[in-house]
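# Structure assessment
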Amino acid sequence: MQTALITGSAGLIGSEAAQFFAGKGFHIVGVDNDLRKYFFGEKASTAWIRQKLEEKLGEKYEHHSIDIRDESAIEKLFQSHNFDLVIHTAAQPSHDWAAKEPLTDFTVNANGTLNLLEACRKFAPKATFIFT
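Here's a quick rundown of the structure. (Residues numbered from 1 in each chain as written. Predicted model: local features only at pLDDT ≥ 70, side-chain atom pairs only at ≥ 80, totals over all residues. Heavy atoms only, no water.)

This structure, assessed with the given rule, holds five salt bridges. Two residues, Lys 122 and Glu 75, come together in a salt bridge whose shortest N-O distance is 2.6 Å. With Lys 122 in helix α6 (residues 102-123) and Glu 75 in helix α4 (residues 71-79), this residue pair connects regions lying 47 residues apart in the sequence. A relative accessible area of 40% places Lys 122 in the partly exposed class. Glu 75 gets classed as buried once you look at its relative accessible area, which sits at 18%. (Salt bridge = Lys/Arg side-chain N within 4 Å of Asp/Glu carboxyl O. Helix = DSSP H or I, 4+ residues; strand = E, 2+ residues; numbered from the N terminus. Buried < 20%, exposed > 50% of the residue type's maximum accessible area, 1.4 Å probe, protein only.)

Structurally, the position occupied by Ile 87 is in strand β4 (residues 85-88). Assessed through its relative accessible area of 4%, Ile 87 is described here as buried. Each C-alpha atom of the pair Ile 87 and Leu 53 lies 16 Å from the other, and the pair is 34 residues apart in sequence. Setting aside residues no more than four positions away along its own chain, Ile 87 makes contact with Leu 5, Ile 6, Thr 7, Ala 17, Phe 21 and Ile 130. (Contact = heavy atoms within 4.5 Å.)

Following the criterion strictly, the structure yields three aromatic pairs and no others. Relative to Phe 83, the ring of Phe 78 has its centre 5.1 Å away and its plane inclined at 75°; by these criteria the two rings are edge-to-face. There is no split in this pair, since Phe 78 and Phe 83 are both buried. (Phe/Tyr/Trp six-rings, centres within 6.5 Å; stacked < 30°, edge-to-face > 60°.)

If you want it as structure tokens, here you go:
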């Protein structure tokens, strides 16, 4: 069975990708730490989407609440799985929010992406990497 890592798996694009690839027979490893709740408040929490994925996909979905800025946690995740596909949808998406807290925005979007690319290079060099 092929394995896909999907970051931002409880977001709009990530959750749709998880369902699509699970339907194609992939085991899905989802990463989402609900940072959206921090960015936009309680009403923006994606916890309900994560729960829906866990219920709908069952054993095909494995969730990890990891911050993509945590290089060590990302490396451990890559070391414990054999990823065939990485779909990176985790991000801080608001331009207004970026202006308010630019260092957080940059570390999530740039450093988090770099952590994923480097882990992929080191531990899953044959995996397809899709960046959205």
